[in-house]
Each structure stands twice: as structure tokens, then as C-alpha cells.
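Fold and geometry: a report
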Amino acid sequence: MARKGNEMTTSEAADRLGADDKSRQRRSEQAKAISERRKYWREQCLCTRCGDIRQLGKLTCPHHAEEGARRSRERRERDPELEKQKDKERREDLRKRTIAHFGGVCACCGESEIKFLSIDHIHGNKHPIHQRILGRWWYRKLLREGTRNDFQVLCHNCNMAKGFYGKCPHQERQDDN
């Protein structure tokens, strides 16, 4: 039987799939090796891109930091609306991950709609650093530190009631029963 155009036999297709699997596996191994090398460099306070010495608290050397800032500026200049949308999606994702990490539902009333939830200091906001860190930096700090016993998820209503009255009406009802 004659083949037409670019049709493949089943054995040719199987060979191609096998080659694709091998190349996919090779790329996966290369990515893993790069990830391990960058992890080692990060631990040794070296630039995660070139292995050169970097400043403490930074991931890259000054050269790569400038290059990254330049590329970021160019992206923002090319399509500012797209970059705004991406930033918004990243902030929302970070917030969702942080709230999920601390339980994902209001500890007082059980509300689970993410738009209504917030992170609450169980013992109040007395530490001065908590008054300066807001938004995504706060969420990143909480995720990085892992499980903490002095925070909980509350819906905005329960959180505001706790702030204004010292106790949420839900808790007052439970105490009365």
C-alpha cells in the first residue's frame, strides 16, 4: 500500500513517540541538574545564574540584577496592561495559597469564600513589624515561616467585630450556649 504525502506508518509513529519521550526525559534531567546547581549556589551565597559572588540577601550578582531589572522594564513598556494583569494574578495566587495554608475557612463562622477571608493576628497586632509589612510581602513572610500558632483565617466581618468589640458575635452566641 502506497503512502500519501506525510502519513506515517505505525512503527514510524511509535519510533517518533519513543524519541519524544527520550528527549523529554533528557530535558527533565537537565532541568533537575540546573535546579540542583542553583540551589547549591543559593546556599553558598553565589549568583543563581552564573555562580559569581553576590550580595547577601540577593539571588543574583549585580550584573544579573541589572539585566533582570532592564528586562522587567522592557516588558512593562511593551505591554503595561498585560504586566498589570500578571501582577494581579500573582498577588491573588499568593493570597489564596497563604489563606489555604492557614486553613482556608473562617475559624469563627466557617465562611469559605476566598474574597471574604483575611489573615488575623490571634493575640492582636502589637508587634511594630506587623504594622509595617503589608500585602504580598506579608503573605510571603507567612508562607516562608510555615505554620505559626499566632495567626488564623477569619472572614472580614468576624475580623472587624473582633477588632472593634474584642469578640465576634458568633463567639458570644457560643459562650451563651
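Residues numbered from 1 in each chain as written. Predicted model: local features only at pLDDT ≥ 70, side-chain atom pairs only at ≥ 80, totals over all residues. Heavy atoms only, no water.

**Considering the confidence of the model for the chain**
This is how it is decided: On a scale of 0 to 100, pLDDT captures the predictor's confidence in every residue. A run of DSSP states H or I qualifies as a helix once it reaches four residues; a run of E qualifies as a strand once it reaches two. Both are numbered from the N-terminal end.
Averaged over every residue, the pLDDT of the chain is 79; the share at 70 or more is 83%. When pLDDT is averaged over each element of the chain, helix α3 (residues 80-101) comes out on top at 91 and helix α4 (residues 128-132) at the bottom at 54.

**Points about the side chain of S118**
Worth spelling out the cut-off: Buried residues are those whose accessible area, probed at 1.4 Å on protein chains only, stays under 20% of the maximum for their type, while exposed residues exceed 50% and partly exposed ones sit between those limits. Contacts are assigned to residue pairs with any non-hydrogen atoms lying within 4.5 Å of each other.
Locating S118 in the fold gives a position in strand β1 (residues 117-121). A residue is classified by how much of its surface remains accessible, and S118, at 9% relative accessible area, is buried. With near-sequence residues (within four places) excluded, S118 lies in contact with R95, I99, Q152, V153, L154, C155, H156 and N159.

**Some details on the pattern of salt bridges**
Formally: Should a side-chain nitrogen of Lys or Arg be within 4 Å of a carboxyl oxygen of Asp or Glu, the pair is scored as a salt bridge.
Taken as a whole and judged by the stated rule, the model has 8 salt bridges. Linked by salt bridges that have partners in common, R76, D87 and R90 make up one network.

**Things to note about the pairing of strand β2 (residues 151-155)**
Under the convention used in this document: Pairing between two strands requires that DSSP report at least two bridges joining them.
For β2, a buried count of 4 out of 5 residues is recorded, marking the element as mostly surrounded by other parts of the structure. When β1 meets β2, the two strands line up antiparallel, connected through 5 bridges. Its bridge partner lying in β2, L117 is registered against C155.

**Section: the packing of α3 against helix α5 (residues 135-145)**
Applicable threshold: Every angle, taken between N-to-C directions, lies between 0 and 180 degrees, and every axis is a line fitted to C-alpha atoms, over only the stretch in contact when it is a helix. If an angle is under 35 degrees, it is roughly parallel; if it is over 145, roughly antiparallel; if it lies from 65 to 115, roughly perpendicular; otherwise it is oblique. Two helices that cross are described as forming a left-handed crossing if the nearer one is turned anticlockwise from the farther one by less than a right angle, and a right-handed crossing if clockwise. Ten residues, namely Ala, Val, Leu, Ile, Met, Phe, Trp, Tyr, Cys and Pro, are considered nonpolar, four, namely Asp, Glu, Lys and Arg, are considered charged, and the remaining ones, Gly among them, are considered polar.
Here α3 crosses α5 at 40 degrees, and the two axes come no closer than 9 Å. What the angle tells us is that α3 and α5 run oblique. Here α3 and α5 pass one another in a crossing that is left-handed. Contacts between α3 and α5 involve R91, L94, R95, R97, T98 and H101 from the first element and R136, Y139, R140, L142 and L143 from the second. Classifying every residue of the contact of α3 with α5 by side-chain character gives 4 nonpolar, 2 polar and 5 charged.

**Thoughts on the environment of R37**
Tracing the backbone shows R37 in helix α1 (residues 10-43). Residue R37 is classed as partly exposed on the basis of its relative accessible area, which comes to 41%.

**Thoughts on the packing of aromatic side chains**
Here is the rule we go by: Each pair of aromatic rings taken from Phe, Tyr and Trp, with Trp reduced to its six-membered ring, is defined by centres within 6.5 Å and is described as stacked if the planes are under 30 degrees apart, edge-to-face if over 60, and tilted in the remaining cases.
All chains considered together, the criterion is met by 2 aromatic pairs. A ring pair is formed by F102 and F151, whose centres lie 6.3 Å apart and whose planes are at 65 degrees; its orientation type is edge-to-face. You can see F102 sitting in the loop between α3 and β1 and its partner F151 sitting in strand β2, a full 49 residues away along the chain. F151 matches F102 in its accessibility class, with the two residues each being buried. Judged by centre distance (6.3 Å) and plane angle (55 degrees), the rings of F164 and Y165 are tilted. Taken as a pair, F164 and Y165 share a single burial class, namely exposed.

**Quick word on a nonpolar patch on the surface**
Selection rule: Like charges within 9 Å and nonpolar side chains (Val, Leu, Ile, Met, Phe, Trp, Tyr) within 5 Å are joined into patches, using only residues over 30% in relative accessible area that form no salt bridge. What sets the accessible areas is the Shrake-Rupley method with a 1.4 Å probe; for residues, cover comes only from the shown protein chains.
A cluster of nonpolar side chains, M160, F164 and Y165, forms an exposed patch at the surface whose accessible area comes to about 420 Å². The topology assignment puts Y165 in helix α6 (residues 156-165). Classification of Y165 by relative accessible area gives exposed; the value is 63%.

**Topic: the nonpolar core**
Threshold: What we call a nonpolar core is a set of buried Ala, Val, Leu, Ile, Met, Phe, Trp, Tyr and Cys residues that are connected through their side-chain atoms within 4.5 Å.
Counting 16 residues, the largest nonpolar core has C106, I119 and C158 as its most contacted members. When contributions to this core are tallied by element, the ones reaching two or more residues are α3, β1, α5 and β2. Residue contributions to this core peak at 4 residues, all from β2. Filtering out sequence-adjacent residues up to four positions away, I119 remains in contact with T98, I99, F102, W138, Y139, L142, F151, Q152, V153 and N159.

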